[in-house]
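Residue strings, one per chain:
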Amino acid sequence: MHRKTYIVNETPADQGQVQSTSGTGRKSHGGGSGRSVKSSRKGTTYNLTSSAPGTTSSMGDGKLVDVVNTRIGVYGWRKYCLYCSVLFMVALAIVNLGLLVFLFRVLKLDRNSAGPLEFLDDSLIVRGKAEFTQGLLAANVSGFNDTTLLLEGNSDVIARSVNTKGDYSELRLDEGAVTLESKQFIVKYDGQTYLEATEATTRIAAREVVVQTASGMHVSGAVQASQITNNFAEGSGLTLESVGQALAVRADGDVSFTSETGTTTLQGLLGVTLESQAEIQLVASKVVMTDLPADSETADVYSLCLCPDGTLFRAAQPNPCDAVAATMCP
């Protein structure tokens, strides 16, 4: 910082004369470098003139003013603190940039991917595991070639389809059950329907339906089938059973019980009734009726007799049926 003392004469701007002295108190006069300072008072200009060092001049009626020259900038310890702060900020920015590049490389973040997610124009590819906390809306979800697609949830896993009318189909996987809720359930392969279930009917179009249970298949309603057969390889036969209840076999057409290699047995504890509005035919090379009541068990030949109520009995020859009817018919 430098200091100079100026002598200021208040004169009009075109007549003023300014004298100055150096900082040592010596007076100077005339012809140095000059400058003008306009006063706030109207029409008055201060003419400042500094002379060369070593000259003297009379102060006259002038006023003494001190003009201080100050250097602009930061000096000393403030300068070093500023440089250190700037250097620290630059180093911190470089470290942050390095960490940012490291995170981008490790997490594989760029404009087309974010970790295991790869964003394409028409699809989203997930390479690895991805967790969707607020649900997933997609038109198609598929896995890569020769890989397994795993859908896993900590609670239930629900796949739902909803149309504009509010109708929906839902597949729910919970801890102990798989629940399907829909108006229609269809199992189809290669254009052929194998199973179709609606509220009214359930259709099975497979070539063979195998039910393997220890206690058999329980049907609470009616069973309508064109053919019921057993598995010949297993050798267990076929049993139609109604435990404690009646068993009815009905058809609008013919009912046929056929055994290709064995016998057909109709057995009832209280009786077997064959009823027809037309006729009953027994076509066989031999018809055997055992345990019919007889008037004598020692005869070799019996006559087959019929009571008025339809009861059959045997009459030992040569006794005619009329002779023993009173004792054999109820």
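Each remark here, short or long, concerns the structure printed above.
In what follows, the accompanying structure is described. Everything numeric here is computed off the predicted structure, so don't read it as measured data.

**Quick notes on the state of the cysteines**
One pass over the full model with this rule turns up two disulfides. There is a disulfide in this structure between Cys305 and Cys321, and the S-S distance comes to 1.9 Å. Handedness of the Cys305-Cys321 disulfide follows from its S-S torsion of about -75°: it is left-handed. A residue pair is termed long-range when its members are at least 10 positions apart, and Cys305 in strand 15 (residues 302–306) and Cys321 in helix 2 (residues 321–328) qualify at 16 residues. You can call Cys321 partly exposed: its relative accessible area is 26%. Through a disulfide, Cys307 is tied to Cys329; the S-S separation comes to 2.1 Å. Measuring the twist about the S-S bond at about -90°, one finds the Cys307-Cys329 disulfide to be left-handed. Placement of Cys307 in the loop between strand 15 and strand 16 (312–316) and of Cys329 in the segment after helix 2 is noted, with a sequence separation of 22 residues between them. A relative accessible area of 3% places Cys307 in the buried class. For the unlinked cysteine Cys81, the closest cysteine sulfur is that of Cys84, found at 6.6 Å.

Conventions we followed
- Along each chain, numbering runs from 1 in the same order as the chain's sequence is written.
- A pLDDT threshold of at least 70 governs which residues receive local features in this predicted model, and a stricter bar of 80 or more applies before side-chain atom pairs are shown or counted, although totals over entire chains, interfaces and linings include all residues.
- Hydrogens and waters are ignored; side-chain quantities use all the structure's heavy atoms.
- Pairs of cysteine sulfur atoms within 2.5 Å are identified as disulfides in what follows.
- Only runs of H or I of at least four residues qualify as helices and only runs of E of at least two qualify as strands under DSSP, and these elements are numbered from the N terminus.
- Think of it in three bands: with a 1.4 Å probe and only protein chains considered, a residue is buried below 20% of the maximum accessible area for its type, exposed above 50%, and partly exposed in between.

Nothing here speaks to function; it is all geometry.
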